[in-house]
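# Structural characterization, general
Each chain is listed here by its residues.
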Amino acid sequence: MTVQPIRLFGDPVLRTPAEPVVDFDAELRRLVADLTDTMREQNGAGLAAPQLGVGLRVFSFEVDDVLGHLVNPVLDFPDEEEQDGPEGCLSIPGLYFDTKRRMNVIAKGFNSYGDPMQIVGTGLMARCVQHETDHLDGVLFVDRLDGDARKEAMKAIRRAEWYDQAAPPVVKLSPHTAANPFGLGR
């Protein structure tokens, strides 16, 4: 269990879809411990494996005093209710932008031993689960912003002291179209 460096915006691993976990072994449990330790050290609500440079579908979370992790998550949305509010990311440190998300989510997956589990989240927990699952798909929360807000976010990122000018950012539109904003049926 060790605190690991977090990959920052511009690192290609953040734009690469992660692979499903197939081995529920001690190595996976070490990864979950590293994710949890690093997330807590940085006071984050969640942290996905690609943010540590590991291309596997697993994330940790700590929201409303609930600490956990989820492996190979699949999301379902029980209704159409939305929330809009500030969102940040440990890979885009110090910057927050209002981001629309679903208010309620049901996330199914596994724990690090391969046992099935489910997270039913609302509000901040729903936001966290959606945000971290996006990371596993190579999507960053700034991709979900509308055009003007995305331009402002990119300006703020380029001005940030941590931003690496030598590695131009890859910005992509969210794969979720306006007709299907949350990727339902994917």
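All values derive from a computational prediction rather than experimental measurement.

### Considering the pattern of salt bridges
- Under the definition given, this model contains 10 salt bridges.
- With a shortest N-O distance of 3.0 Å, Asp11 and Arg7 are connected by a salt bridge.
- Arg101 is the salt-bridge partner of Glu87, the closest N and O atoms lying 2.8 Å from each other. One end of the pair, Glu87, is in strand 4 (residues 82-89); the other, Arg101, is in strand 5 (residues 92-102), with 14 residues separating them in the sequence.
- Linked through salt bridges whose partners overlap, the residues forming this network are Glu87, Arg101, Arg127, Asp134 and Arg144.

### Examining the nonpolar core
- The biggest cluster of nonpolar side chains holds 18 residues, and the ones touching the most others in it are Phe9, Ile92, Leu95, Phe97, Val142, Ile157 and Trp162.
- Secondary-structure elements contributing two or more residues to this core are strand 5 and helix 3 (147-159).
- The leading source of residues in this core is helix 3, at four residues.
- Among residues more than four places away in sequence, those in contact with Leu95 are Glu87, Gly88, Cys89, Phe141, Ala156, Ile157 and Trp162.
- In terms of nonpolar packing, the next biggest core, distinct from the first, is built from 15 residues, Ala48, Leu70, Ala126 and Leu136 among them.

### A short note on the pairing of strand 4
- Across eight bridges, strand 4 lies against strand 5 in antiparallel orientation. Pairing of Glu82 across the sheet is with Arg102, part of strand 5.
- If you look at the hairpin formed by strand 4 and strand 5, you'll find two residues sitting between the two strands.

### Some details on the packing of aromatic side chains
- One pass over the structure, following the stated rule, counts four aromatic pairs.
- Considering the side-chain rings of Phe24 and Phe110, the 5.9 Å spacing of their centres and the 65 degrees angle between planes classify their relative orientation as edge-to-face. Taken together, the residues span a long stretch of sequence, with Phe24 in the segment before helix 1 (26-41) and Phe110 in strand 6 (residues 104-110) at a distance of 86 residues.
- When its relative accessible area of 27% is taken as the criterion, Phe24 is described as partly exposed.
- Given the relative accessible area of 31%, Phe110 is considered partly exposed.
- Consider the rings of Trp162 and Tyr163, whose centres lie 6.5 Å apart with planes at 80 degrees: the pair is edge-to-face. Accessibility classification places Trp162 together with Tyr163 in one group, the buried group.

### Description of the environment of Thr122
- Inspection of the secondary structure assignment puts Thr122 in strand 7 (residues 116-122).
- You can call Thr122 partly exposed: its relative accessible area is 47%.
- Residues Thr122 and Ile106, 16 residues apart in the sequence, show an inter-C-alpha distance of 8.9 Å.
- One polar contact links Thr122 to Asn104, side chain to side chain, over a distance of 2.7 Å.

### Considerations on the confidence of the model for the protein
- Summing up the model confidence of the protein, the mean pLDDT is 90 and the portion of residues at 70 or higher is 88%.
- For residues 171-186, every residue scores under 50 in pLDDT, and the model assigns this stretch 30 contacts once sequence neighbours within four places are set aside.

Parameters at a glance
Residues numbered from 1 in each chain as written. Predicted model: local features only at pLDDT ≥ 70, side-chain atom pairs only at ≥ 80, totals over all residues. Heavy atoms only, no water. Salt bridge = Lys/Arg side-chain N within 4 Å of Asp/Glu carboxyl O. Helix = DSSP H or I, 4+ residues; strand = E, 2+ residues; numbered from the N terminus. Core = buried A, V, L, I, M, F, W, Y, C linked by side-chain atoms within 4.5 Å. Buried < 20%, exposed > 50% of the residue type's maximum accessible area, 1.4 Å probe, protein only. Contact = heavy atoms within 4.5 Å. Pairing = 2+ DSSP bridges. Phe/Tyr/Trp six-rings, centres within 6.5 Å; stacked < 30°, edge-to-face > 60°. Polar contact = N/O pair within 3.5 Å; in protein donor to acceptor, adjacent residues only side chain to side chain. pLDDT = per-residue confidence, 0-100.

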